Amino acid sequence: MLVRATFGMAMMTSLLTGAGAAQAQEMQMPGQKQHQHMEMAAVKPEYPRMGRAQENAKGALVTLEQVQKIASDSNPTLRQAEAEIRAAKARQHQSGLYPNPTVAYTGDEIRGGSVGGGKQGFFVQQTVATGGKLGLSREVFGKEVKLAEIEAEEQKMRVQSAVKMAFLRVLAAQELLYARRDLAAIAQDATETQRRLMNTGQADETEVLEAEVEAQRMRMGARMQENTLREEWRSLTAAIGQPDLPLTTVAGDLEKGWPEVNEEETVESIAKESPAVRIAETAEARAQSVLGRARREAVPDIQVRGGMEYNNELLGSVPFAKGWEGIAEVAVQIPLFNRNQGNVAAARADIDRAGQEKRRISLTLRERAAMAVDQYANARLVAVEYRDEMLPRAKKAYGLMVDKYGQMLASYPRVLDSQRKLYELQMEYIAALESVWTNGIALQGYLLTDGLEAPARPGEVDRPIRETNVPMPERTMSPRESLRNP
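Residues numbered from 1 in each chain as written. Predicted model: local features only at pLDDT ≥ 70, side-chain atom pairs only at ≥ 80, totals over all residues. Heavy atoms only, no water.

Trainee: In this structure, what is going on with the overall build of the chain? I would like to understand it.
Mentor: Broken down by element type, the chain carries 12 helices and four strands. Within the chain, the proportion of its 486 residues that are buried is 41%. The contacts in the chain between residues at least 6 apart in sequence include a share of 81% that link residues at least 24 apart. (Helix = DSSP H or I, 4+ residues; strand = E, 2+ residues; numbered from the N terminus. Buried < 20%, exposed > 50% of the residue type's maximum accessible area, 1.4 Å probe, protein only. Contact = heavy atoms within 4.5 Å.)

Trainee: Hey, could you run me through the packing of aromatic side chains in this one?
Mentor: What characterises a pair of aromatic rings is the spacing of the ring centres plus the angle enclosed by the ring planes. Counted under the stated rule, the structure contains three aromatic pairs. Judged by centre distance (5.4 Å) and plane angle (85°), the ring pair of Y47 and Y398 falls under edge-to-face. Here Y47 is found in the loop between helix 2 (30-39) and helix 3 (52-55), whereas its partner Y398 is found in helix 10 (residues 341-406), with 351 residues between them in sequence. Residue Y398 is classed as buried on the basis of its relative accessible area of 0%. Aromatic side chains Y405 and Y412 sit 5.5 Å apart centroid to centroid with 45° between the ring planes, which places their arrangement in the tilted category. Under the relative-accessibility criterion, Y405 is labelled buried at 1%. You can call Y412 buried: its relative accessible area is 0%. Across the ring face of Y178, the terminal group of R181 is positioned such that the distance to the ring centre comes to 5.6 Å. (Phe/Tyr/Trp six-rings, centres within 6.5 Å; stacked < 30°, edge-to-face > 60°. Lys NZ or Arg CZ within 6 Å of the ring centre and 35° of its normal.)

Trainee: Just to check I follow, could you spell out helix 10 for this structure?
Mentor: Because each turn of an α-helix spans 3.6 residues, side chains separated by three or four positions end up pointing in the same direction. In this model, helix 10 (66 residues) spans 94 Å end to end at C-alpha, consistent with the 98 Å of a helix rising 1.5 Å per residue. Looking one or two residues beyond helix 10, the residue adopting positive phi is M408, at roughly 60°. (Expected span 1.5 Å × (residues − 1).)

Trainee: I would appreciate a short explanation of the pattern of salt bridges in the present structure.
Mentor: When their charged atoms lie close together, side chains carrying opposite charge are able to pair. Within the structure shown, the criterion is met by 29 salt bridges. Between E55 and R49 there is a salt bridge, with its nearest N and O atoms 2.8 Å apart. The exposure class assigned to R49 is partly exposed, which follows from its relative accessible area of 44%. A salt bridge links E226 to R181; the nearest nitrogen and oxygen atoms lie 3.2 Å apart. With E226 in helix 7 (residues 205-240) and R181 in helix 6 (residues 133-199), the pair connects residues that are 45 residues apart, well separated along the chain. For E226, a relative accessible area of 28% corresponds to the partly exposed category. (Salt bridge = Lys/Arg side-chain N within 4 Å of Asp/Glu carboxyl O.)

Trainee: Would you mind showing me how to read the nonpolar core here?
Mentor: Soluble globular proteins tend to bury their nonpolar side chains together. In this structure, V67, V163, L236, L254 and L443 are the most contacted members of the largest nonpolar core, which totals 73 residues. When residues of this core are traced back to their parent elements, those giving at least two are helix 4 (64-74), helix 6, helix 7, helix 8 (263-273), helix 9 (275-296), helix 10 and helix 11 (412-444). The element contributing the most residues to this core is helix 6, with 17 residues. (Core = buried A, V, L, I, M, F, W, Y, C linked by side-chain atoms within 4.5 Å.)

Trainee: Looking at this structure, I do not really get a negative patch on the surface. What am I missing?
Mentor: Side chains of D204, E205, E207 and E210 sit close together on the surface and give a patch of like negative charge. In this structure, E207 sits in helix 7. The exposure class assigned to E207 is partly exposed, which follows from its relative accessible area of 34%. (Patch = residues over 30% accessible without salt bridge, like charges linked within 9 Å, V, L, I, M, F, W, Y side chains within 5 Å. Areas by Shrake-Rupley, 256 points an atom, 1.4 Å probe, with all protein chains shown as cover. Lys, Arg positive; Asp, Glu negative; His and termini not counted. Charge placed at Lys NZ, Arg CZ, Asp CG, Glu CD.)

Trainee: How should the environment of R49 be read in this particular structure?
Mentor: With respect to the helices, strands and loops of the structure, R49 is situated in the loop between helix 2 and helix 3. Taking C-alpha positions, R49 is 8.9 Å from E175, a pair spaced 126 residues apart along the chain. Non-local contacts of R49, meaning those with residues more than four positions away in its chain, are made with E55, E175 and Q426. Side-chain polar atoms of R49 contact the side chain of E55, separated by 2.8 Å. (Polar contact = N/O pair within 3.5 Å; in protein donor to acceptor, adjacent residues only side chain to side chain.)

Trainee: In this structure, what is going on with unusual backbone geometry? I would like to understand it.
Mentor: Backbone geometry follows two general trends: most residues other than glycine have a negative phi, and most peptide bonds adopt the trans configuration. Located in the positive-phi region is Y446, a residue other than glycine, with phi close to 55°. Here Y446 lies in the loop between helix 11 and helix 12 (479-482). According to the relative accessible area criterion, Y446 is buried, its value standing at 17%. One non-glycine residue, L447, lies in the positive phi region at around 65°.

Shown next, in the form of structure tokens:
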């Protein structure tokens, strides 16, 4: 429970009415002041703290390791990535298969009736691929297999980062919910105090109405935070692939184990080592293979045909047919007009484009990383200042105000105001911690944060900004600006 007045209504009214007079009489009647102080019950201050949702949980807590395990088994995008690898390997196998032979019937000068004659038979025709075309085709599709494998690795990172971020948002929403409920209780206490003051003529109706409005606003904020917690939980369950899981309290500590990020090294690592860069490099290598395959297309394949025909023509005066005769043909297409020059030129252009795409991806990642690093650095700065400087001072101020209240040197509304400011700072601190975690996780995960985006197919890997889909929040210098208010 938050701090409340613990003495009778009469003493409360007399204290608020005559606090100044009591100070003036201190030198003249010390015994009387001591007597009044002895009649007051001691007030123990209540400070905000983390982890109360976990302490009050009705069931088992859910850990980050548990939801990550569920995601690895249930997230559909991981199964899609595995299926795409199998499909790419199947296409590679298909590209290297030799053309099927053709078996056909043949007939020539066929006549019926009593005369007969003509030729009838069969042949087998086969296309002989030359110039290493099949091997080059396998090489092209081998690059697509590599693309699918890198895409699968990237998707695992994407899911892991998304699940971590969603989990930490649920944890932060839990903490904010208790802080907002505390603020609502403080506001309600302030309203009751204003009503008592109005009954003794120390406050007017406007002050009571303002306090009631503030209390209603705080209660509404607490209810909205309940909705936010449910929303964050739904996002988490969707990311892990189990949307029907009931709302459960998660286990964790926002204040410990922050993601450690070296700004310069992180930006360089993302710009050079991200799976997006590896995909762009492999796409460029694939374009090189396509060019090699297009150049060999001008080398003509050989058409070979062989078979047998039965010749019914009579051999002169002998009443016997000529019988079986062999057939053999070898044909080659002369690349006189079509040397596949158009496809070769297009392949060269694709190589140029792939090279520029690799550079574009690197620059885009660098830009996005710089913004995320800025968000992380600001959030960490704010969190450290709140933790080490502002919150300790606010707690000390609140404790001193409670002591002064116990000595009849401060009014109860001042105690409530000091307590309210402390809890508002606690909420801002929690918001800063959430930002530290989410931006740090995004940076550690190469800015891959959408765990439900379908993995790209080899022909789709260069969709604009597809590989760098980290959401970019507006720049903020203080968590107060991004605090969820009703």
